[in-house]
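Architecture at a glance
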Amino acid sequence: MKKKLLSIKDRLLRFLDLFTYPRSFSDYAGLIGIGRSGELRARVVGFSDETPDSRTIFLRPGRAWKGHQPGQFLELAVPVQGVRHSRSYSISSAPATRGRRIAITVKAITDGRVSQFLVRHLKKGAVLPISQARGDFVPPPTPPPRSLFITAGSGITPIMSMLRSYAARSRSLPDIVHLHYAPRPAEVIFNAELSGFAEKNQGYRLHRIYTRLADSAPVSGHFTAEHLDRLCPDWRARMAWVCGPAALLDTLETHWATAGLQTQFHAERFRSPAQLADLDKLEIVEGNVHFKSSETSVQSDGRTSLLELAEQNGLKPAHGCRMGICHTCDCVLRAGRVRDLRNGTVVSESGIKIQACVSAALGDVEVEL
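Residues numbered from 1 in each chain as written. Predicted model: local features only at pLDDT ≥ 70, side-chain atom pairs only at ≥ 80, totals over all residues. Heavy atoms only, no water.

1. Quick look at the overall build of the protein chain
Our working rule: Think of it this way: any DSSP run of H or I at least four residues long counts as a helix, any run of E at least two long counts as a strand, and we number them from the N terminus. In this analysis, two residues are considered to be in contact whenever any of their non-hydrogen atoms come within 4.5 Å of each other. Method for areas: the Shrake-Rupley scheme with a 1.4 Å probe, in which residue coverage is limited to the protein chains shown.
Check the secondary structure of the protein chain and you find eight helices and 17 strands. A separation threshold of at least 6 residues defines the contact pool for the protein chain, and within that pool the share at least 24 residues apart is 64%. In the structure as shown, the protein chain presents an accessible area of about 19,000 Å², 51% of it carried by carbon and sulfur atoms.

Here you go:
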């Protein structure tokens, strides 16, 4: 067999690798946007421990970084035990000028392989692939006259970016009521900085609500409508920005919808439902899925997403958020039908792009993946 000749670019990169050993030249080149794969990268330049199980990671992106708006997120690729994992994290820092560092804040989840690695084991100097900033959980350029923030746990991270952005642009924060839920005082991420905002800004009123401390003043426990009425009586007149666990967001969304105030409600969800709650009532068809790019055929139960199905069978397709937001896992449907696991929509048009992370096969399917 005739040996494939390397391109001039590949030969040059191999030569430069000799001078950057044990790292590859691409590790450094990626910081200025000329990595071998063309992906944007960032160097880990520092850390700040926020709570016993959460950590802020400071990143310096390459020159190709386009910046971010407060409230947006990025995807981060992390190698753990030789396997590359991608996760989405909200950016907790205020928008930065070109060349300045940005920050993400990660809470270590029990049995969370990636979050545990980032909080416990990631080292300064590591170079990690990142995406450009994404997401539309972004406040308007001019702050609303009155805002309401409701956060829980690490859901405070995109809101912190908003607060820092407001603080950087003005001497005082706008009129904001902020309800933040945490199990105990020691588990409030950014606790000292939040206190500083409250002390220096008359318009920013912070209420910490502890879910595992009974009878802590003025209210305690998980969210109830009484909390709103007591701590923010004019909540109906405010634009609401909320982020936290799915159960809290579902409750809040229902509360605002019941009041007929959906247009004043903005939510950022870390995780979308993996499948429809009433999937059992819909048509489920087992079949064969052919991943054309890898010439691999596997059996589908009609419920498992195409992304999970590929991974279960040894394939490693590109992916990011795993919840239908980032479109990193987009692929082309060549034949057959798939169901969108978020809303039940069936797609059968050959040649259309679908999202592998939220699509399940309906019978025999062929996709470019």
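So, next bit.
2. What to know about the pairing of strand S3 (residues 73–80)
Heads up, the rule is: Three exposure classes are used, based on accessible area relative to the maximum for each residue type with a 1.4 Å probe and protein chains only: buried under 20%, partly exposed in between, and exposed over 50%. Two strands make a pair as long as DSSP finds a minimum of two bridges between them.
With seven of eight residues buried, S3 is to be regarded as a mostly interior element. Bridge analysis of S3 against strand S4 (residues 83–90) gives eight bridges, and the strand direction is antiparallel. In the sheet register, glutamate 75 faces S4, and the bridge partner there is serine 88. Hairpin remark: S3 followed by S4, antiparallel, with two residues in the connecting loop; positive phi at glutamine 81, about 50 degrees.

3. As for the pattern of salt bridges
Basically, it comes down to this: The term salt bridge refers to a pairing of a side-chain nitrogen on Lys or Arg with a carboxyl oxygen on Asp or Glu at a separation within 4 Å.
According to the stated counting rule, one finds nine salt bridges in the structure shown. With a closest N to O distance of 3.1 Å, arginine 238 and aspartate 175 form a salt bridge. On the criterion of sequence distance, the pair formed by arginine 238 in the loop between helix H6 (225–231) and strand S10 (239–244) and aspartate 175 in strand S8 (residues 175–182) is long-range, its members being 63 residues apart. When its relative accessible area of 2% is taken as the criterion, arginine 238 is described as buried.

4. Thoughts on the layout of surface pockets
Defined as follows: The method works on a 1 Å grid over the protein atoms by themselves. A cavity is a set of points holding a 1.4 Å probe that cannot get out, a pocket is an open set with protein on both sides within 12 Å along at least five of seven lines, and residues with an atom within 4 Å of a point line them. Grid points are joined across faces, edges and corners, and a volume is the space filled by probe spheres set on the points. Just so you know the grouping, Ala, Val, Leu, Ile, Met, Phe, Trp, Tyr, Cys and Pro go in nonpolar, Asp, Glu, Lys and Arg go in charged, and all remaining residues, Gly too, go in polar.
In this model, the second largest pocket occupies a volume close to 640 Å³. Lining the second largest pocket are 24 residues, with Arg84, His85, Ser86, Pro317 and His319 positioned closest to its centre. Among the secondary structure elements, those contributing two or more residues to the lining of the second largest pocket are S3 and S4. With five residues, the single largest contributor to the lining of the second largest pocket is S4. Among the residues making up the lining of the second largest pocket, the classes are represented as nine nonpolar, eight polar and seven charged.

5. Considerations on the sheet that holds strand S6 (residues 127–129)
Within a sheet, each strand pairs with its neighbour through backbone hydrogen bonds, oriented either parallel or antiparallel. What counts, and what does not: For helices, the fitted line uses only the C-alpha atoms of the stretch in contact; every axis is such a line through C-alpha atoms, and the angle between N-to-C directions lies from 0 to 180 degrees.
Taken together, the four strands give an open sheet; going across it, the order is S5-S2-S1-S6, and neighbouring strands pair in antiparallel fashion. Strands with a single pairing partner mark the edges of an open sheet, and in this sheet they are strand S5 (102–107) and S6. Looking at each pair of strands side by side, their axes are set apart by 45 degrees on average, direction ignored. Here strand S1 (residues 41–51) pairs with S6 via three bridges, running antiparallel. Opposite alanine 42, over in S6, you have leucine 128 as the bridge partner.

6. Quick look at the sheet that holds S10
Within the open sheet, the five strands sit side by side as S9-S8-S7-S10-S11. Their pairing is parallel. Of all strands in the sheet, those with a lone pairing partner are strand S9 (204–210) and strand S11 (265–269), marking the two edges. Here the strands of the sheet are splayed against their neighbours by 15 degrees on average, with no regard to which way each runs. With respect to the sheet, helix H4 (residues 156–169) is in contact with strand S7 (146–152), S8, S9 and S10, its orientation differing from that of S7 by roughly 145 degrees. Relative to the sheet, helix H5 (residues 191–200) contacts S8 and S9, its axis offset from that of S9 by approximately 140 degrees.

7. What to know about the nonpolar core
Inclusion rule: As used in this record, nonpolar core signifies buried Ala, Val, Leu, Ile, Met, Phe, Trp, Tyr and Cys residues forming a set joined through side-chain atoms within 4.5 Å.
Core analysis: the biggest nonpolar cluster contains 24 residues, and Ile57, Trp65, Leu76 and Leu118 have the highest contact counts within it. Secondary-structure elements contributing two or more residues to this core are S1, strand S2 (54–61), S3, S5 and helix H3 (113–120). Examining the composition of this core, we find that four residues originate from one element, S3, more than from any other. With near-sequence residues (within four places) excluded, isoleucine 57 lies in contact with Val44, Gly46, Phe47, Ile102, Ala103, Ile104, Val106, Leu118 and Leu122. Listed in part, the 21 residues of the second largest apolar core include Leu231, Ala240, Leu249 and Phe265.

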